[in-house]
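What the coordinates show
Here is what each chain is made of, one letter per residue.
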Amino acid sequence: MTDLNKLISLIQIPSKISIISHRNPDGDAIGSSLALYKILLKMTHSPKVIFPSEYPAFYKWMPELDKVIIADLDLKGAHEWIEKSDLIFCLDFNSLDRVDNLSECITFAKGKKVLIDHHQDMVPFADFIYSKVEASSTAEMVYDWIEMIKKLHFIDRDISNSLLTGIITDTGSFKYNVNPRVFNVVSDLLKREADYDNVQTRIYNSQSQKQLDLLGHCIANRMKLLEGKDASIIYLSKADFKDFQIGRGDTEGIVNYPLTVEKIKFSTFVTDQSNIIKFSFRSKGNIPVNELARDFFNGGGHINAAGGYMHTSLNKAMTKLEKVIPPFMKKYN
Ligand SMILES: [Mn+2]
């Protein structure tokens, strides 16, 4: 981390602090933010967690989540807190365009900015930067950061559960993005009484019937295999969104299912949302979906998980996918 000692001396003084994560916060965004929040509380700071938009309902159980400011619901409150913050932590995003309605406010805020993130192609907008693409999750990095500032003894059961949630979400329950370090971190969290079974159940066995029905619909009626049958596209139209009353978080994880087929190495999930087509890309092995996302779909991410968007129709988006994916796959076969 750059200037760690400077930051350590800075956080000795009780301060107003903003902890900000990205739009549509996932388990890692939420878990790392809430863990840091509680550590800072214990250090007698006055922290607040701010998300640009709402979180999926199945994370509601997480400790202190009810105290978070959602900028979509309270933009004024979010701006006021950021403006008076002495320190602004930015977690789990690599550039300010991931926090849209807050980005200007953060840019012009007087507080020192601290970035903790594991995404590639980081834009260096912060005063202190802790960026590590090999990390499994931002939660793992927040744990490391807590160790760097010598506050591991502050990690209680709630904080352990929050960090574990981040790690479990971003590794798909230890299926990808793992490294030797993350197992040591989890081992220590379990010693600090993280509720391992409960966290797993809350994340992976708490779907609604509607979500399972939607998954069935996607696989049975909305999945296209491309030539060579090593790449797939699942698409959802505006009508599907209406028919299934799809809400926040309902489509999470669908993109991963095609990869359970041995031959399929690349999976795309496309959704037609009000005036924007959104893409999720996942892959197995050495297929760099972040490059495809960057080169053709205004996006980016990690080698095996990336996202993008286009302002176009679903039809045109599908045509483009079907045109660019096969030659892309050929490059890596
Ligand atoms: Mn993450």
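Throughout this document, residue positions are counted from 1 along each chain, in the order its sequence is written. A pLDDT threshold of at least 70 governs which residues receive local features in this predicted model, and a stricter bar of 80 or more applies before side-chain atom pairs are shown or counted, although totals over entire chains, interfaces and linings include all residues.

**A few points about the overall build of the protein chain**
Here a helix means four or more residues in a row that DSSP labels H or I, a strand means two or more in a row labelled E, and each is numbered from the N terminus. Of the regular secondary structure elements, the protein chain holds 12 helices and 12 strands. Radius of gyration here uses only the C-alpha atoms, and the compact-globule reference equals 2.2 Å multiplied by the residue count raised to the power 0.38. Against the globule reference of 20 Å for 333 residues, the protein chain gives a C-alpha radius of gyration of 20 Å, in line with a compact fold. Considered along the principal axes of its C-alpha atoms, the protein chain spans approximately 60 × 40 × 40 Å. Exposure criterion: with C-beta atoms placed from backbone coordinates, a residue whose C-beta has 20 or more other C-beta atoms within 10 Å is buried, one with 12 or fewer is exposed, and one in between is partly exposed. Burial statistics for the protein chain: of 333 residues in total, 41% are counted as buried. Contact between two residues is assigned whenever their backbone-derived C-beta positions fall within 7 Å. When contacts within the protein chain are restricted to residue pairs at least 6 apart in sequence, long-range pairs at least 24 apart make up 66% of them.

**Some thoughts on the domain arrangement of the protein chain**
Each domain of the protein chain was delimited in the assignment, giving domain 1 (4–204) and domain 2 (209–331). One C-alpha centre belongs to domain 1, the other to domain 2, and the line joining them spans 28 Å. Counting residues at the interface gives nine residues for domain 1 and nine residues for domain 2. The classification used treats Ala, Val, Leu, Ile, Met, Phe, Trp, Tyr, Cys and Pro as nonpolar, Asp, Glu, Lys and Arg as charged, and all other residues, Gly among them, as polar. Class assignment for the residues of the side of domain 1 that touches domain 2 results in four nonpolar, three polar and two charged. Delimitation of the domains relies on an automatic or database domain assignment.

**Topic: the sheet that holds strand S10 (residues 276–283)**
Taken together, the six strands give an open sheet; going across it, the order is S7-S8-S9-S10-S12-S11, and neighbouring strands pair in mixed fashion. Each end of this open sheet is capped by a strand with a single partner; those strands are strand S7 (223–225) and strand S11 (300–301). DSSP-based pairing: two strands are paired if at least 2 bridges between them are found. Note that strand S8 (residues 231–236) and strand S9 (residues 266–273) share six bridges and pair parallel. Bridge pairing links isoleucine 233 to threonine 268 in S9. Only the contacting stretch of a helix is used when fitting its axis, a line to C-alpha atoms as for every element, and angles between N-to-C directions run 0 to 180 degrees. Contacts from helix H12 (residues 314–331) reach S8, S9, S10 and strand S12 (305–310) within the one sheet, and its direction differs from that of S9 by about 165 degrees.

**What to know about the nonpolar core**
Residues of type Ala, Val, Leu, Ile, Met, Phe, Trp, Tyr and Cys that are buried and joined through C-beta atoms within 7 Å form what is called a nonpolar core. In terms of nonpolar packing, the biggest core is built from 57 residues, with Ile50 and Phe89 touching the most fellow members. For this core, the element with the most residues is helix H2 (residues 27–42), which contributes eight residues. In contact with phenylalanine 89, other than residues within four places in its own chain, are Ile17, Ser18, Ile19, Ile20, Leu36, Val114 and Ile116. Core analysis: the second largest hydrophobic core is formed by 24 residues, Leu214, Ala231, Ile233 and Val255 among them.

**Here's the deal with helix H11 (residues 289–296)**
Every buried residue of H11 is accounted for by Val289, Asn290, Leu292 and Ala293. Each buried residue of H11 lies within a common arc of 160 degrees when the element is viewed along its axis, so the set occupies one face. Close packing links the buried residues of H11 with S9, S10, S11, S12 and H12. The first or second residue beyond H11 is asparagine 298, which carries a positive phi of 55 degrees. The directions considered for the arc are those from the helix axis to the C-beta atoms.

**Here's the deal with the packing of H2 against helix H6 (residues 157–170)**
Following both chains from N to C, one finds H2 and H6 inclined at 160 degrees, their axes separated by 7 Å at the closest point. Here H2 lies roughly antiparallel to H6, going by the angle between them. Here the hand of the crossing between H2 and H6 comes out left-handed. Between H2, through Gly27, Asp28, Gly31, Ser32, Leu34, Ala35, Lys38 and Ile39, and H6, the contact on the second element is made entirely by Asp158, Ile159, Ser162, Leu163, Thr165, Gly166, Ile168, Thr169 and Asp170. Looking at the contact of H2 with H6, its residues break down into six nonpolar, seven polar and four charged. For classification, angles of less than 35 degrees are called roughly parallel, those exceeding 145 degrees roughly antiparallel, those between 65 and 115 degrees roughly perpendicular, and all remaining angles oblique. Less than a right angle of anticlockwise turn of the near helix away from the far helix marks a crossing as left-handed, whereas a clockwise turn marks it as right-handed.

**Let's talk about the environment of tyrosine 130**
Assignment of secondary structure puts tyrosine 130 in strand S6 (residues 128–131). In this structure tyrosine 130 comes out as buried when scored by C-beta crowding, with 21 C-beta atoms within 10 Å.

**Thoughts on the pairing of strand S4 (residues 87–91)**
Summarising burial for S4: five of the five residues are buried, a large majority. The alternating pattern of S4 places Leu87, Phe89 and Leu91 on one face and Ile88 and Cys90 on the opposite face, and all of these are buried. For the handedness criterion, the β-α-β arrangement of S4, helix H4 (residues 100–108) and strand S5 (residues 112–117) is classed as right-handed. Call a crossover right-handed when, viewed with both strands pointing away from you, the route from the first strand across the helix to the second goes clockwise.

**A short note on the sheet that holds S5**
As summarised here, the arrangement of the six strands in space is S3-S2-S1-S4-S5-S6, forming an open sheet in which the pairing is parallel. Two strands in the sheet have a free side with no partner beyond their single neighbour: strand S3 (69–70) and S6. By the bridge criterion, five bridges tie strand S1 (residues 16–20) to strand S2 (residues 46–51) in an arrangement that is parallel. Within S2, the position partnered with isoleucine 20 by the bridge is isoleucine 50. H2 contacts S1, S2 and S4 of the sheet and is inclined by roughly 170 degrees relative to S2.

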